[in-house]
Amino acid sequence: MNIEEIKVDDEWEWYLSQLYFKLLENLPKPKVAVELAPGFRYKIALALADIGFDGTLFVIDANKDVADFIEYKYKQILPNAKIECICNTFEKAFDVLPQNIDIFLANHVIDDLMLESYVNKSYYNQLLSNNMDRKRYLSVWNNFSQDKKSIQEITNEINKTFVKFFNEKNVEKVILSQYRSNLFYQGQDECIEKIVRKTFDNLKAFFCFDDWAKEALTFHPFGDDERYLGKELLENTQNIDNWIVGSPKKEVIMKKRIVLASNNEHKIREFRQMFSEYEIYALNDIGFYEDIIEDGETFFDNSLIKAKTIRNYLLEKGLHAIVIADDSGLCVDALNGQPGVYSARYASEHDSKKNRQKLLQEMNGKKKRSAYFQCTLIKMEMDGTYKVFEGKTYGQILNEERGDTSFGYDAVFFSDDLQKSFGEATAEEKNAVSHRGRAIELMKKDLN
Ligand code: ITT
């Protein structure tokens, strides 16, 4: 499976991760955390990133594809943490887990454990697929029930595993979310509430979502997939009378989330490098796949077009985030400021090699080689108000490419500040003096 191709259900991730964050921020920062059965989802990692987690996180998942994905993704999300990925069943992971655990985290854990341990692999993989529609989902569950142990038997075994775990290990805090068992689709009698209650009776501290699920869901009604309808989530969690609820807060806002209105992977990488304290979502991450028509005459115009388009999209989806749009380009003095706003499509749309070649041709024999990169950033709030930040960086157009040619005009731009081409500079060197780096610095000051 190609890890890059895995798509998560973003709104759902976003929303649940906020709930985890709200619980976690009220607790002492953990040093040792364990997450059970994350699947191809990473909401818990996002929440841990929000609290600045820099301890050790053990992640258990018996599925190899999941474990590989998690290893890859979590290291990106939590660069300051130590990620220990255990590709095994929960019980078999006991030996590898430390004795003292500050926090144990799991979402939708009962179903995940059932799947992980008891469903045959081909069904399991189908169930993990995020694109699966409800009909297929049901058919998988039906097959599962025909040739596997009864739900009751499986439940008992899972209960035993949990009890053993909590008896053997010292677990300080637990956060779980189990909004509704998918098993309900089969009309099974066994209630997930009972399973959970029996299993976790012996715990000292047990947090789960309740009241602010209601608040959050009015902010983030996600999609029309019945499984995720807030009403069901709410009803199900409220039935569980012995669940302890974290301190409720009225607002659930994407405090530290930024949506970057760009699909340019290099820009995205630079933003992430310079904005490590924020979670940067690119357009793919929020499920926006359309081309934005950038027909403005200035960097500002285009930046505003991008920001407005994405703000409107988020509003439609009921999501809340700060939107940042970047329009940038290279302005060459001897070419009257060209390619300027046309930088991305100077010779050919998004073919940076052809664009550089055209520039070198146009500059052939020209003595005056001064140029500057400009970046115009717009930071837009959900109410539509915005601020503009501009950064410029000066240099000379080289006669030939030098260094890394992957990003736009980097290889033909000799930076006056660095005395080398941007293609030859390290990421840190470039970010420190670049147009984007400078605009971001200004914006950061404003955000803080
Ligand atoms: P988005 O609109 O999705 O953000 P884009 O690549 O179309 O992506 P722009 O419209 O802002 O972005 O075009 C900017 C072009 O200018 C970009 O494609 C590069 O060719 C060039 N460019 C901007 N910043 C650059 C940088 O730091 N290094 C090299 N080239 C850069």
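All chains use their own residue numbering, which begins from 1 and follows the written sequence. Since the coordinates come from a predicted model, pLDDT governs what is reported: local features require at least 70, and pairs of side-chain atoms require 80 or more to be given and counted, while whole-chain, interface and lining totals use all residues. Note: side-chain values were computed over all heavy atoms of the structure, leaving out hydrogens and water.

Engineer: Sorry, what's going on with the layout of surface pockets here?
Structural biologist: Rolled over the atoms, a probe sized like a water molecule indicates the empty space that remains. In the cavity and pocket records, a cavity denotes points on a 1 Å grid over the protein atoms alone where a 1.4 Å probe fits but cannot get out, a pocket denotes an open set with protein on both sides within 12 Å along at least 5 of 7 lines, and lining residues are residues with an atom within 4 Å of a point. Grid points are joined across faces, edges and corners, and a volume is the space filled by probe spheres set on the points. In this structure, the second largest pocket spans a volume of roughly 960 Å³. Lining the second largest pocket we find 37 residues, and of these Asn264, Lys267, Glu294, Ala344 and His350 sit closest to its centre. Think of it this way: any DSSP run of H or I at least four residues long counts as a helix, any run of E at least two long counts as a strand, and we number them from the N terminus. If you list the elements that add at least two residues to the lining of the second largest pocket, you get helix H12 (265–274), strand S10 (322–332), helix H14 (352–362) and helix H16 (435–447). Class assignment of the residues belonging to the lining of the second largest pocket gives a composition of 10 nonpolar, 13 polar and 14 charged. Note on residue classes: Ala, Val, Leu, Ile, Met, Phe, Trp, Tyr, Cys and Pro are nonpolar, Asp, Glu, Lys and Arg are charged, and everything else, Gly too, is polar.

Engineer: Help me understand the site of the ligand in this model?
Structural biologist: Surrounding the ligand, one finds 21 residues, the nearest of these being Ser262, Lys267, Lys306, Asp410 and Lys430. Whenever a nitrogen or oxygen atom comes within 3.5 Å of another N or O atom, the pair is scored as a polar contact, on the condition that within protein one atom can donate a hydrogen and the other can accept it, and that pairs from neighbouring residues in sequence are kept only if both atoms are in side chains. With respect to the ligand, the side chain of Asn264 contributes an N or O atom lying 2.9 Å from an oxygen atom. One nitrogen or oxygen atom from the side chain of Lys306 is found 2.7 Å from an oxygen atom belonging to the ligand. Look at the ligand: alone it shows 610 Å² of surface, and the protein chains cover 94% of it. Throughout this document, a residue counts as near a molecule or strand when at least one of its heavy atoms sits within 4 Å of that molecule or strand. Each accessible area is a Shrake-Rupley estimate made with a 1.4 Å probe; only the visible protein chains count as cover when residues are assessed.

Engineer: What am I meant to see in a negative patch on the surface here?
Structural biologist: On the surface, Glu290, Asp291, Glu316 and Glu349 cluster together into a patch of negative charge. Positionally, Glu349 belongs in the loop between strand S11 (338–339) and H14. A residue is classified by how much of its surface remains accessible, and Glu349, at 53% relative accessible area, is exposed. Any residue with relative accessible area above 30% and no salt bridge may belong to a patch, with like charges joined within 9 Å and the nonpolar Val, Leu, Ile, Met, Phe, Trp and Tyr side chains within 5 Å. Any Lys or Arg side-chain nitrogen located within 4 Å of an Asp or Glu carboxyl oxygen qualifies as a salt bridge. In this count, Lys and Arg are taken as positive residues and Asp and Glu as negative ones, while His and the chain termini are left out. One atom stands in for each charge, and that atom is NZ of Lys, CZ of Arg, CG of Asp or CD of Glu. The buried label goes to any residue with under 20% of its type's maximum accessible area, the exposed label to any with over 50%, and the partly exposed label to all in between, with areas taken from a 1.4 Å probe on protein chains only.

Engineer: When you look at the pairing of strand S1 (residues 32–36) in this model, what are you seeing that I'm missing?
Structural biologist: For a regular strand, the rule is simple: side chains alternate between the two faces of the sheet. Here S1 lies mainly inside the structure; 5 of its 5 residues are buried. Paired strands, in this sense, are two strands between which DSSP finds at least two bridges. The sheet contact formed by S1 and strand S2 (residues 56–60) spans 5 bridges and is parallel. The partner of Ala33 across the bridge, within S2, is Leu57.

Engineer: Help me out: how do you make sense of H14 in this one?
Structural biologist: In an α-helix, one turn spans 3.6 residues; hence positions three or four apart end up facing the same way. Restricting attention to buried positions, one finds in H14 the residues Ser352, Asn355, Arg356, Leu359 and Leu360. On an axial view of H14, the arc spanned by its buried residues comes to 135 degrees, and they lie on one face. Regarding the arc, it is the one traced by the directions from the helix axis to the C-beta atoms.

Engineer: Help me understand the environment of Val433 in this model?
Structural biologist: Position of Val433 among the secondary structure elements: in helix H15 (residues 427–433). The exposure class assigned to Val433 is buried, which follows from its relative accessible area of 12%. Here a residue-residue contact requires only that any non-hydrogen atoms of the pair lie within 4.5 Å. Val433 has contacts with Thr393, Ser415, Asp417, Leu418, Phe422 and Arg438, leaving out every residue within four places of it along the chain.

Engineer: When you look at unusual backbone geometry in this model, what are you seeing that I'm missing?
Structural biologist: Glycine aside, residues mostly have negative phi, and peptide bonds are mostly found in the trans state. Cis geometry is adopted by the peptide bond preceding Pro339, which originates at Gln338 and carries an omega value of -5 degrees. Along the chain, Pro339 turns up in strand S11. Although it is not a glycine, Ala37 adopts a positive phi angle of roughly 50 degrees. For Ala37, the position within the fold is in the loop between S1 and helix H2 (43–50). Even without being a glycine, Gln419 presents a positive backbone phi close to 55 degrees.

Engineer: Any chance you could explain the packing of aromatic side chains here in plain terms?
Structural biologist: Each aromatic ring pair is described using two quantities: the centre-to-centre distance and the angle formed by the ring planes. Classification of ring pairs rests on two measures: the distance between centres of Phe, Tyr or Trp rings, Trp counted by its six-membered ring, which must be within 6.5 Å, and the angle between planes, read as stacked under 30 degrees, edge-to-face over 60 and tilted in between. Under the defined criterion, the tally for this structure stands at 13 aromatic pairs. Look at Tyr42 and Phe69: their rings are 6.2 Å apart centre to centre, the planes differ by 40 degrees, and that puts the pair in the tilted class. With a gap of 27 residues between them, Tyr42 in the loop between S1 and H2 and Phe69 in helix H3 (residues 64–77) connect regions that are remote in the sequence. Each member of the pair Tyr42 and Phe69 is classed as buried. Between the aromatic rings of Phe90 and Phe165, the centroid separation amounts to 4.9 Å while the plane-to-plane angle is 50 degrees, which identifies the pairing as tilted. With Phe90 in helix H4 (residues 90–93) and Phe165 in helix H8 (residues 151–168), the pair connects residues that are 75 residues apart, well separated along the chain.

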